[in-house]
Amino acid sequence: MKQIKIAGIIVLLAGMWSCRKDTLRIPGTNAISTEQIFSTTATVNAYLATLYSNLPVEDFSFCNGVFGNFPNDGNNYTANWTDEAIASTSSQNYPTLNSVYAQIYRAIRTTNNFIASVPNANATVFTQAQKNYWLGEAKFIRAYNYFGLVKYYGGVPLILNVQSEPVSVPRNKEVEIWNQIKVDLDSAVLLMDATLPNANYGHATKWAALALEARAMLHAASIGLFDNTGNLAQTGGIDGVDATSAQAYLQAAYTAANAIITSGKFSLYNKFPTDLSQNFQYLFYDVSPGTSNSEGIFYRGYDYPTTTRTHSQDLLALPHAIQSSTGYANRLMPSMDLVEKFQSIDGSSGALGASKGLTATTNINVQIHYPTMAAPFANKDPRFAGTIVAPGTQFRNSAGLGTLQGGWVTSQRGVILNGAIFNASNYAQYFNPATRQFSASTGPVPPAGMVWGSGNSGGSPTDLGTDNAFWIKKWIDPVTDISLIKDWTSRTSWMDMRYGEVLMDFAEAALELGRPASEALGALNQIRTRAGMPAYTAASRDVIRNERFVEFAFENKTYWDYVRWRTLTTDFVNRQEFGLRIYWDIDTQDYVFIKIPIATKTYVPRAYYFDVPANDISSSPAIAKQINGGHNPGY
């Protein structure tokens, strides 16, 4: 198996991707002729590599509203847009995505050029089967690009052919974009053979086309089922999906997911059946070219140093105590809200203090005692420990660092003495009960008369101002020596589509279609069984939605679930989010956990779509003449 290389073709295509003020009103280019593209299989794959490289995949480097960006403070990871994570240094502020519009249209123009060129490829050099497969890949790529556009902006100009001269194109209705996505994906399924993704790493297959169709059609259907914004009538259909189309899309999602399930080509990853937390963790690490992952359907491959495609996830997400010498760390920290969504292993509530009779609403600002720092999280859904690093546990090389408390990664904020709370001023300090003073730590064991006063990872090395107590484990490389972790050196690939998502899409579509209850329940319980959790006896919207929050944490699906269910504006109205403070109680000789309110978030209806960039409206008269001057409602 040969992995696609992308570096050379990017230079070759530079002339096609030169910066232009007008995104749409430029002619299609034949800067690279059909003869050049289709001179050899290698040149075709090189061209395709660029098309794949520029897909709007929301992976490790999608942040601050830009693809391929360095996350910096990490406050605009998609996980920070809702309640999955809390930014390390800044409050949530969703970006305008101004550059994305032009970026995706450039990719579509290049894809249209390829689609137009395939029929003219030399029949004496390439078989019809080869040409069909390449055409299928290109249809998949175009559908993926339009899926990105329509979920960001609603109805957008639909351009399917190479433009021979500049033409100003108006925004199409949103359903017209969804319909074209379905047409392209149905065509891709027929054109591509059944090659498994690991035999053609990084390329689409018919299964990837079906998985994308299930994802996209479920998104479209949800808008029609749940939208109460009035956008459909207000924009004349430029934004929004009607009820009739929603039912058709729902059926399409069900059919596509079912085709994958009944094919028997994929199964849920289960390499570590005796350690289900490790099994879930390694599902997202065991994704490199050449690995055997029964769940993976479509990947964005990363590698270092053999290619130029890398990312910086490990650098940014590690706890401070075990961070890279380059710095950063703590930039993507799970919220207390997400932690409580993970149920206990018996299927009961996962709220802090649930075993003591508390709920997620009665446990706020309450001192809850536990014998160890890890105790509140010890009996959670195994996916919790596969997704999140909890305080009081060991991670990576923490056990070997002598300055940590027993090798734990901790987030202790301070101590309690005689009922009074003392907050430390630094990330690793001792506390002297006699003088009630903190002092800097000098080793792994407190000096005589002192106790550990603060943890080692909850804040920055000189500031304990954060109330975040958890770290992401999903996607983090568990084996590479931390001395080798720098910016742009992470090589864990991104599994963009997997069988677990197909099962969840199938379950949701089956439920909303009113199919026999056994269908949704059967798919849902396959996920539960792999996780080691009790089977559900009935499926419902609430059950499916919470299962998605847990199963897909940090896969950049949660925000879009809120969007398509149209619950972003109902679930986030001064939505209170929560952090966690942990103290050592000197008198009771145990740990005290306090769930505390921190930031609030509110979304207004316009947030369901980003606005079409002003420059692209002003440079396109056909768009500027449309309703609301071409802008989306509320802008």
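Below or above, wherever it landed, is the structure these notes cover. (Residues numbered from 1 in each chain as written. Predicted model: local features only at pLDDT ≥ 70, side-chain atom pairs only at ≥ 80, totals over all residues. Heavy atoms only, no water.)

### Some details on the overall build of the chain
- Across its full length, the chain carries 20 helices and 14 strands.
- For the chain, buried positions account for 60% of its 635 residues.
- Once local pairs closer than 6 in sequence are excluded, the contacts in the chain between residues at least 24 apart make up 72%.
- As displayed, the chain offers around 22,600 Å² of accessible surface, 53% of which is attributable to carbon and sulfur atoms. (Helix = DSSP H or I, 4+ residues; strand = E, 2+ residues; numbered from the N terminus. Buried < 20%, exposed > 50% of the residue type's maximum accessible area, 1.4 Å probe, protein only. Contact = heavy atoms within 4.5 Å. Areas by Shrake-Rupley, 256 points an atom, 1.4 Å probe, with all protein chains shown as cover.)

### Section: the pairing of strand S8 (residues 429-432)
- Alternating residues of S8 divide into Gln 429 and Phe 431 and Tyr 430 and Asn 432, and every residue in both groups is buried.
- Judged from the four bridges that link them, S8 and strand S9 (residues 437-440) form a sheet pairing that is antiparallel. Counterpart to Tyr 430 in the pairing with S9 is Ser 439.
- Counted between consecutive antiparallel strands, the loop separating S8 from S9 contains four residues, among which Arg 436 sits at a positive phi close to 55°.
- Where S8 lies against strand S10 (residues 451-452), two bridges are found, and the strand directions are antiparallel. Within S10, the residue paired with Phe 431 across the bridge is Val 451. (Pairing = 2+ DSSP bridges.)

### Notes on the environment of Asp 571
- Mapped onto the elements, Asp 571 comes out in helix H18 (residues 568-571).
- Overall, Asp 571 belongs to the partly exposed group, its relative accessible area being 32%.
- Taking the C-alpha atoms as reference, Asp 571 lies 8.5 Å from Thr 602; in sequence the two are 31 residues apart.

### Regarding the sheet that holds S8
- Taken in spatial order, the three strands make up an open sheet running S9-S8-S10, and their pairing is antiparallel. Edge positions in the open sheet fall to S9 and S10, since each of these has one partner strand only.

### Some details on the nonpolar core
- Counting residues in each nonpolar core, the largest one holds 175 residues, and the members touching the most others are Phe 114, Phe 140, Tyr 152, Tyr 153, Trp 178 and Ile 181.
- Not counting residues up to four positions away in its chain, the partners in contact with Tyr 153 are Leu 97, Val 100, Tyr 101, Arg 171, Asp 239, Tyr 609, Phe 610, Asp 611, Val 612, Pro 613 and Asn 632.
- Within the second largest apolar cluster, five residues are counted, among which are Ile 416, Tyr 583, Val 592 and Ile 594. (Core = buried A, V, L, I, M, F, W, Y, C linked by side-chain atoms within 4.5 Å.)

### Observations concerning the sheet that holds strand S7 (residues 420-423)
- The strand order S4-S14-S13-S6-S7 describes an open sheet built from five strands, whose pairing is mixed. At either end of the open sheet lies a strand with only one pairing partner, and these are strand S4 (368-370) and S7. For this sheet, the mean angle separating the axes of adjacent strands, direction not counted, is 40°.
- As judged from the four bridges shared by strand S6 (residues 412-417) and strand S13 (residues 575-585), these two strands associate in the parallel manner. Looking across to S13, one finds that Ile 416 is bridged to Asp 585. (Axes fitted to C-alpha atoms, helices over the stretch in contact; angles between N-to-C directions.)

### Focus on the side chain of His 203
- Within the secondary structure layout, His 203 lies in the loop between helix H6 (174-191) and helix H7 (206-226).
- At 2.5 Å, the side chain of His 203 and the side chain of Glu 137 are in polar contact. (Polar contact = N/O pair within 3.5 Å; in protein donor to acceptor, adjacent residues only side chain to side chain.)

### Topic: helix H4 (residues 98-117)
- Over its 20 residues, H4 extends 30 Å from the first C-alpha to the last, a length consistent with the 28 Å expected when each residue adds 1.5 Å.
- Counting buried positions over the 20 residues of H4 gives 16, a clear majority of the element. (Expected span 1.5 Å × (residues − 1).)

### Focus on the environment of Tyr 583
- Note on placement: Tyr 583 falls in strand S13.
- Residues Tyr 583 and Val 415, 168 residues apart in the sequence, show an inter-C-alpha distance of 4.8 Å.
- Those residues in contact with Tyr 583, other than ones at most four positions away along the chain, are Gln 412, Arg 413, Gly 414, Val 415, Ile 416, Ile 421, Phe 422, Asn 423, Asp 590, Tyr 591, Val 592 and Ile 594.
- A polar side-chain atom of Tyr 583 sits 2.6 Å from a polar atom in the side chain of Asn 423.

### Looking at the packing of aromatic side chains
- Inspection of the entire model under this criterion finds 46 aromatic pairs.
- With 4.9 Å between their ring centres and 90° between their planes, Phe 60 and Trp 494 make a pair best called edge-to-face. One end of the pair, Phe 60, is in the loop between helix H3 (41-53) and strand S1 (85-86); the other, Trp 494, is in strand S12 (residues 494-498), with 434 residues separating them in the sequence. Each member of the pair, Phe 60 as well as Trp 494, is classed as buried.
- Arranged with centres 6.4 Å apart and planes meeting at 85°, the rings of Tyr 105 and Tyr 146 form a pair that is edge-to-face. In this pair, Tyr 105 sits in helix H4 while Tyr 146 sits in helix H5 (residues 128-153), placing the two residues 41 residues apart along the sequence. (Phe/Tyr/Trp six-rings, centres within 6.5 Å; stacked < 30°, edge-to-face > 60°.)

### Things to note about the pattern of salt bridges
- Under the counting rule described, the total for this entry stands at 34 salt bridges.
- Between Arg 498 and Glu 555 there is a salt bridge, with its nearest N and O atoms 2.9 Å apart. Of this pair, Arg 498 sits in strand S12 while Glu 555 sits in the loop between helix H16 (541-551) and helix H17 (558-564), and the two are 57 residues apart along the sequence.
- When the shortest N-O distance is used, the salt bridge between Arg 541 and Glu 512 registers 2.8 Å. Placement of the pair is Arg 541 in helix H16 and Glu 512 in helix H14 (residues 499-513), with a sequence separation of 29 residues.
- Judged by its relative accessible area of 41%, Arg 541 is partly exposed. (Salt bridge = Lys/Arg side-chain N within 4 Å of Asp/Glu carboxyl O.)

### Digging into H6
- Look at H6: 26 Å from first C-alpha to last across 18 residues, which is about the 26 Å you get at 1.5 Å a residue.
- Those residues of H6 that sit buried are Glu 174, Val 175, Ile 177, Trp 178, Gln 180, Ile 181, Asp 184, Leu 185, Ser 187, Ala 188 and Val 189.
- Taken together, the buried residues of H6 touch H5, H7 and helix H9 (243-263).

### A look at the packing of H6 against H9
- At a minimum axis separation of 12 Å, H6 and H9 run at an interaxial angle of 25°. As the angle between them shows, H6 and H9 are arranged roughly parallel. As H6 runs across H9, the sense of the crossing is left-handed. On H9, the residues that touch Val 175, Trp 178, Asn 179 and Lys 182 of H6 are Ser 245, Tyr 249 and Ala 252.
- When its residues are assigned to classes, the contact of H6 with H9 shows four nonpolar, two polar and one charged. (Parallel < 35°, antiparallel > 145°, perpendicular 65-115°, else oblique. Left-handed = near helix turned anticlockwise from the far one by under 90°. Nonpolar A, V, L, I, M, F, W, Y, C, P; charged D, E, K, R; others polar.)

### Comments concerning the environment of Asn 98
- Within the fold, Asn 98 resides in helix H4.
- Separated by 512 residues in sequence, Asn 98 and Phe 610 have C-alpha atoms that sit 8.8 Å apart.

### Comments concerning unusual backbone geometry
- Phi at Trp 488 is positive, roughly 60°, even though this residue is not glycine.
- Position of Trp 488 relative to the elements: it lies in the loop between strand S11 (471-472) and S12.
- In this structure Trp 488 comes out as partly exposed when scored by relative accessible area, which is 31%.
- A positive phi angle, close to 55°, is found at Gln 589, a residue other than glycine.

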